[in-house]
Amino acid sequence: MSTIRFGGMASGLDTESMVKELMKAERAKVDKLQQSKQTKTWVQEAYNDMNKSFANFILDSKKALGITRTSSTGSTFSTSYSSFTWVKSASSSNESTFTATATTSAVSGTHSIKVEKLAEGVNKASIKDIAARNVELGGALTDVTSTTKLSELGAGGSVNIKTTSGEVNISITADKTIADIVNEINSGNLGIKATFDDTSNRFFISTTSMGSNAKINITETIDSGKKRVFAESAEGAEDSIFATDLAAGVDITGQDAEIEFDGAAGIKYSSNQFTINGITIDLKAAQPGVTNTIKVDTNTDGIVEKVKAFVDSYNTLIDSVNTKLGEKKYRDYQPLTDEQKEAMDEDTIKLWEEKAKSGLLRNDSTLQRTLETIRSSLYEKVEGVSGSFSSMFEIGITTGSYTDKGKLEIDETKLREKIMQDPEGVMELLFKTSSSTDEDTKKAETGIINRIYDNMVEGMKDVIDKAGAGDNASLYRKVQSNIMIEFVVKGSKSLIDEDLLSIAKRIDTENDRLSDVEDRYWKRFTALEKAMQQMNSQSSWLSQQLGGGQ
């Protein structure tokens, strides 16, 4: 609770203003501590912004290169350079029959292919209107919808449906509708999908997978005097309500795709999309006995464009880091105190703080060390390569002059020449990974681009130790799932966090001291007020006495 004080009533002095002026000098130390705290906070934010730039560069460039991909479920997974689809190009001689793309591992040349069969799942449907079938079976109901109860169609008993994924038993009770049965089938995790179309009055059931392993087998137990629902009692019997042409107790299976590739016949797949010898093929139609071709070539333009795009993105990042390392520091512009802000408008405050924030990372040792580590690793040969190249200079990639401060340059003519000479060797040089458990060996055997990523991640860890993760922890974990482990083990408190905590404690201590000092000033002025009040009283009394004597 704040104390309400009144001063100067006897003396005529503006006690409050005098105490305020005296406290200004006393508060100078707190103001400096507050400014130090604000500067530390800005430095922490600047570090986090830089680490965020590192993280986004890694994630965006890996995605652009195809090092990471997104699955159909939205999860991210890593791939090797042998799976890149931009290193080789593939063309189909008949795209109405199949299309093709090539990965890095595909063998250049012309390959032959025959598409004998397409992969198929099990797809069954009512071969006629269910209402019409009901009439054929002696029923009176001529209007059937998804809300029709099966008992109204004369059904009763139970149905067992088996697939490769499992089985489910469904009871046909008096109150169950067609929609209820459809829902029970779909919620059974059987790898099948059932639907009922109200417009055509037809029931449909399909496996969600294709190939010979896709299977549906239906059996029914029929109550006395009741009708079958799904399966005919035998092939061609036409005695089920749904008229699906499914024979009871018989495995209805899908079909594998079958091709002949480069003379190898009888190759089967459970899908129409598959990869063979590094070529990804998407079958569109079967052409039994007809030979088509796939032409695979090195995609020189595609490789050059990908490498150039990576280098451009990398150089942009290096530029931004070097800008921060060389940014001018305006030492006369310190963080504003609350009192200083009160005397300024918003635009002036904004311009002031832009100056105050400038140069916060000037010559920063952590960022400089990261750049130096990345730069030095680029000069080292890649060990254990099987291709023609072991250094990036051999394929036309060099570091710029001293003034470029670590940026990369490409001799495009030389790069194209080396790609045409040994495309796999270029890819290995840039993207090779090592399985060695020895750290030094692993670093030596890692390709140039992966070295950049690895050293950048180590630099990010150093920044995290120094400044924490801010609001970017989830982003950093996308870069490397365990990137935060060491930081968490240390208590999730960065060096700057510890400095800020120390400054906050000093500010609290100093504020307590200031409170005591202010109390002492007020006590002194209060004592002065009392003394002056007594003196005024004595003076008044003396004047009265002297006046009375006349």
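Here the residue numbering is sequential within each chain, running from 1 through the sequence in written order. A pLDDT threshold of at least 70 governs which residues receive local features in this predicted model, and a stricter bar of 80 or more applies before side-chain atom pairs are shown or counted, although totals over entire chains, interfaces and linings include all residues. Only heavy atoms go into the side-chain values, all of them from the structure, while hydrogens and water stay out.

### Here's the deal with the pattern of salt bridges
Pairs may arise between side chains of opposite charge once their charged atoms sit close together.
Inference 1: Each reported salt bridge corresponds to a side-chain nitrogen of Lys or Arg within 4 Å of a carboxyl oxygen of Asp or Glu. The full count for this structure, using the stated rule, is 20 salt bridges.
Inference 2: Across the salt bridge formed by K341 and E353, the nearest N and O atoms sit 3.7 Å from each other. Linking K341 in helix 5 (residues 338-342) with E353 in helix 6 (residues 346-357), this pair joins segments that are 12 residues apart in sequence.
Inference 3: To sort residues, take the accessible area from a 1.4 Å probe on protein chains only and compare it with the maximum for the residue type: under 20% means buried, over 50% means exposed, and anything in between is partly exposed. In this structure K341 comes out as partly exposed when scored by relative accessible area, which is 31%. Numbering of helices and strands runs from the N terminus, with a helix taken as a DSSP run of H or I at least four residues long and a strand as a DSSP run of E at least two residues long.

### Quick word on a nonpolar patch on the surface
Inference 1: Patch membership requires more than 30% relative accessible area and the absence of a salt bridge. Residues of like charge join within 9 Å; the nonpolar side chains Val, Leu, Ile, Met, Phe, Trp and Tyr join within 5 Å. The Shrake-Rupley method, run with a 1.4 Å probe sphere, supplies the accessible areas, and residue values consider only the shown protein chains as cover. A cluster of nonpolar residues, W541, L542 and L546, forms a patch on the protein surface that exposes about 350 Å² of accessible area.
Inference 2: Inspection of the secondary structure assignment puts L542 in helix 14 (residues 495-549).
Inference 3: Since its relative accessible area comes to 45%, L542 is described here as partly exposed.

### Quick word on the nonpolar core
Inference 1: In these notes, a set of buried Ala, Val, Leu, Ile, Met, Phe, Trp, Tyr and Cys residues joined through side-chain atoms within 4.5 Å is what counts as a nonpolar core. Counting 64 residues, the largest nonpolar core has Y314 and L430 as its most contacted members.
Inference 2: Counting residues per element, the ones that place at least two in this core are helix 1 (15-65), helix 4 (300-326), helix 7 (365-379), helix 8 (412-421), helix 9 (423-431), helix 11 (448-467), helix 12 (473-479) and helix 14.
Inference 3: Contacts were defined at the residue level, with two residues in contact if any of their heavy atoms lie within 4.5 Å. With sequence-adjacent residues up to four places away left out, L430 is seen in contact with V307, I395, I397, G447, I448, I449 and N450.
Inference 4: In terms of nonpolar packing, the next biggest core, distinct from the first, is built from 31 residues, A131, V182, I185 and F203 among them.

### Looking at the sheet that holds strand 6 (residues 123-125)
Inference 1: For two strands to pair, DSSP has to find at least two bridges joining them. The strand order across the open sheet built from 3 strands is 6-10-9, with neighbouring strands paired in antiparallel fashion. Single-partner strands in this sheet number two, and they are strand 6 and strand 9 (192-197). With direction set aside, neighbouring strand axes in the sheet form an average angle of 15°.
Inference 2: Pairing analysis gives 3 bridges linking strand 6 to strand 10 (residues 202-207), with the strands arranged antiparallel. Looking across to strand 10, one finds that N123 is bridged to S206.
Inference 3: To define axes, lines are fitted to C-alpha atoms, for helices over the stretch in contact only, and angles between the resulting N-to-C directions are given on a 0 to 180 degree scale. Packing of helix 3 (residues 178-186) onto the sheet brings it into contact with strand 9 and strand 10, and relative to strand 9 it is tilted by some 165°.

### Details of the sheet that holds strand 8 (residues 166-172)
Inference 1: Taken in spatial order, the 4 strands line up as 8-7-11-14 in an open sheet, and their pairing is antiparallel. With one partner strand each, in any of the chains shown, strand 8 and strand 14 (252-253) form the two edges of the open sheet.
Inference 2: Of the pairings in the sheet, the one linking strand 11 (residues 215-222) to strand 14 comprises 2 bridges and is antiparallel in character. Note on strand 14: the bridge partner recorded for I216 is I252.

### Notes on unusual backbone geometry
Inference 1: For D245, which is not glycine, the phi torsion reads 65° and is therefore positive.
Inference 2: With respect to the helices and strands, the residue D245 is situated in the loop between strand 12 (231-232) and strand 13 (246-247).
Inference 3: On the accessibility criterion, D245 (39% relative accessible area) is partly exposed.
Inference 4: We note that N363 has phi near 55°; this positive angle belongs to a residue other than glycine.

### Remarks on the environment of K32
Inference 1: Within the secondary structure layout, K32 lies in helix 1.
Inference 2: With 331 residues separating them in the primary sequence, K32 and N363 have C-alpha atoms 24 Å apart.

### Here's the deal with the packing of helix 4 against helix 11
Two packed helices can be described by the angle between their axes and the distance between those axes.
Inference 1: At their nearest, the axes of helix 4 and helix 11 sit 13 Å apart, and the two run at 25° to each other. It follows from the interaxial angle that helix 4 and helix 11 lie roughly parallel. Pair helix 4 / helix 11 crosses with left-handed handedness. Contacts between helix 4 and helix 11 pair F310, Y314 and L317 from the former with I449, I452, Y453 and M456 from the latter. For classification purposes, angles smaller than 35 degrees are called roughly parallel, those larger than 145 roughly antiparallel, those between 65 and 115 roughly perpendicular, and all remaining angles oblique. Take the far helix as the reference: if the near one is turned anticlockwise from it by less than a right angle, the crossing is left-handed, and if turned clockwise, right-handed.

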